[in-house]
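So the chains spell out like this:
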Amino acid sequence: DVTTIRMGTPADANRGCVVVFENNEMDMSILDGFTIIGGTGSKLIDSSVSFNALVGGGISFEASSGTVRNCVIMQGTAEYGGGISCWDNSTVTISNCTITDNLATVRGGGLFGGKNSSLTLINCAINNNQVSGATVGVAGYGGGISCIRNSPSIITNCDIADNSAGVSGGGMFFYGSPSTVTGCTIIGNSAGSWGGGVGCELDGTKVNMANCIIARNTAIQGGGGVACALFVNSTISNCTIYGNSGGSSLGGGGVACWQGTTTVINSIIWANTSAKGNEIAIAAVAG
């Protein structure tokens, strides 16, 4: 009834994932009902984009597809995707899962998607994950979730709470990856610079957020709830954004936007705090 797969110390430090999808698995490949504990990631080298890192502490998808459902993924570590990593045109559906207490040093404490991968998350809890790096432009992005290099995501009815990032996107971070976030609670996440709840950057990152609660997130520089930068076009509709805290250089306890367009429709934004622009801040350039 309950099966746990636990990784101790791997015999090969470059093959430390607990579960691997890497042989062109298709959508009918399903991992259902397991608890995945530990894992230190496997070495992924992709010379086409100069990528060389340990990925996917718990689960790694590489140029493969599949479904993970009714699973717990916890206590994994890697450079990218402490819990789960998806890379190189992987198409992955994750449903009714808990992704918790995972650690990445570069991007995606809980979950990482990169290089044209497609992610669908439904009814998941993503909490208490961390990305510990804190180098702007390099490491420290997406405590809960990080999607980069044209990796679109659809995130529905998920609880994203108490995650942290050294730089941006305590809960979620999208970089050059269009995303739709619907019916989610994004609560109690933190970022060392901007985007305590959600961070979005780079042209091509069109983020649509609807019917979400974004509350009690914090960011040191600004955008306690949501931060959109560098030509991002985002839409926030029918959301409640309250009790978030931003900083002084960018401001925006609730929402901060610079060098881009953020459209807010039929939403409640209140009781957010910042040294400037308590609810919404618009800046010409990033501080």
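About the criteria used
- Residues numbered from 1 in each chain as written.
- Predicted model: local features only at pLDDT ≥ 70, side-chain atom pairs only at ≥ 80, totals over all residues.
- Heavy atoms only, no water.
- Pairing = 2+ DSSP bridges.
- Helix = DSSP H or I, 4+ residues; strand = E, 2+ residues; numbered from the N terminus.
- Axes fitted to C-alpha atoms, helices over the stretch in contact; angles between N-to-C directions.
- Phe/Tyr/Trp six-rings, centres within 6.5 Å; stacked < 30°, edge-to-face > 60°.
- Buried < 20%, exposed > 50% of the residue type's maximum accessible area, 1.4 Å probe, protein only.
- Salt bridge = Lys/Arg side-chain N within 4 Å of Asp/Glu carboxyl O.
- 1 Å grid on protein atoms, 1.4 Å probe; cavity = no way out; pocket = protein on both sides within 12 Å on 5 of 7 lines; lining within 4 Å.
- Points joined across faces, edges and corners; volume = space filled by probe spheres on them.
- Nonpolar A, V, L, I, M, F, W, Y, C, P; charged D, E, K, R; others polar.
- Patch = residues over 30% accessible without salt bridge, like charges linked within 9 Å, V, L, I, M, F, W, Y side chains within 5 Å.
- Areas by Shrake-Rupley, 256 points an atom, 1.4 Å probe, with all protein chains shown as cover.

A. Main features of the sheet that holds strand E30 (residues 213-215). Pairing is parallel across the open sheet formed by ten strands, whose spatial order is E1-E5-E10-E14-E18-E22-E26-E30-E34-E37. Each of the sheet's edge strands pairs with one partner strand only, and the pair in question is strand E1 (3-6) and strand E37 (268-270). Adjacent strand axes in the sheet meet at a mean angle of 5 degrees when their direction is disregarded.

B. Focus on the sheet that holds strand E17 (residues 118-122). As summarised here, the arrangement of the nine strands in space is E4-E9-E13-E17-E21-E25-E29-E33-E36, forming an open sheet in which the pairing is parallel. The sheet terminates laterally at strand E4 (30-32) and strand E36 (261-265), the two strands that pair on one side only. Each neighbouring strand pair of the sheet contributes to a mean axis angle of 5 degrees, computed without reference to strand direction. Pairing geometry for strand E29 (residues 206-210) and strand E33 (residues 233-237), over five bridges, is parallel. Looking across to E33, one finds that Asn208 is bridged to Thr235.

C. View of the packing of aromatic side chains. Tallying each qualifying case throughout the model produces nine aromatic pairs. Their ring planes at 15 degrees and their centres at 4.2 Å tell us that Phe21 and Phe61 sit as a pair that is stacked. One end of the pair, Phe21, is in strand E3 (residues 19-21); the other, Phe61, is in strand E8 (residues 59-62), with 40 residues separating them in the sequence. Since its relative accessible area comes to 7%, Phe21 is described here as buried. Judged by its relative accessible area of 0%, Phe61 falls in the buried class. With a centroid separation of 6.3 Å and an interplanar angle of 20 degrees, the aromatic rings of Phe173 and Tyr175 are classed as stacked. Overall, Phe173 belongs to the buried group, its relative accessible area being 0%. Clustering of aromatic rings is evident, with ring pairs tying together Phe51, Tyr80, Trp87 and Phe112.

D. Highlighting the pattern of salt bridges. Counted by the stated rule, this structure contains four salt bridges. Between Arg15 and Glu22 there is a salt bridge whose closest N-O contact spans 3.0 Å. Judged by relative accessible area, which is 42%, Arg15 ranks as partly exposed. Relative accessible area serves as the criterion here: at 31%, Glu22 is assigned to the partly exposed category. One salt bridge connects Lys115 with Asp46, and the closest N-O pair in it is separated by 2.7 Å. Here the residue Lys115 occupies a position in the loop between strand E16 (111-114) and E17, and Asp46 occupies one in strand E6 (residues 41-46), the gap between them amounting to 69 residues. Both residues of the pair, Lys115 and Asp46, belong to the buried class. In the salt-bridge network here, residues are joined through shared partners; they are Asp46, Asp88 and Lys115.

E. Spatial organisation of the pairing of strand E9 (residues 65-69). With four of its five residues buried, E9 lies for the most part within the structure. The sheet contact formed by E4 and E9 spans three bridges and is parallel. Its bridge partner being in E9, Ile30 is matched across the sheet by Thr67.

F. Just the environment of Ala210, in detail. Checked against the element boundaries, Ala210 lands in strand E29. Each C-alpha atom, one on Ala210 and one on Ser237, is 4.8 Å from the other, the two residues being 27 residues apart in sequence.

G. Layout of the layout of surface pockets. The computed volume of the largest pocket comes to approximately 220 Å³. If you trace the largest pocket, you find it lined by Val49, Ser50, Phe51, Tyr80, Val106, Arg107, Gly137, Val138, Ile148, Arg149 and Tyr175. Here the lining of the largest pocket is composed, by residue class, of seven nonpolar, two polar and two charged.

H. Region of the structure containing a nonpolar patch on the surface. Together, Val264, Ile280 and Ile282 make up a nonpolar patch on the protein surface, roughly 290 Å² of accessible area in all. Relative to the helices and strands, Ile282 is located in strand E38 (residues 280-283). Accessibility expressed as a relative area gives 74% for Ile282, which makes it exposed.

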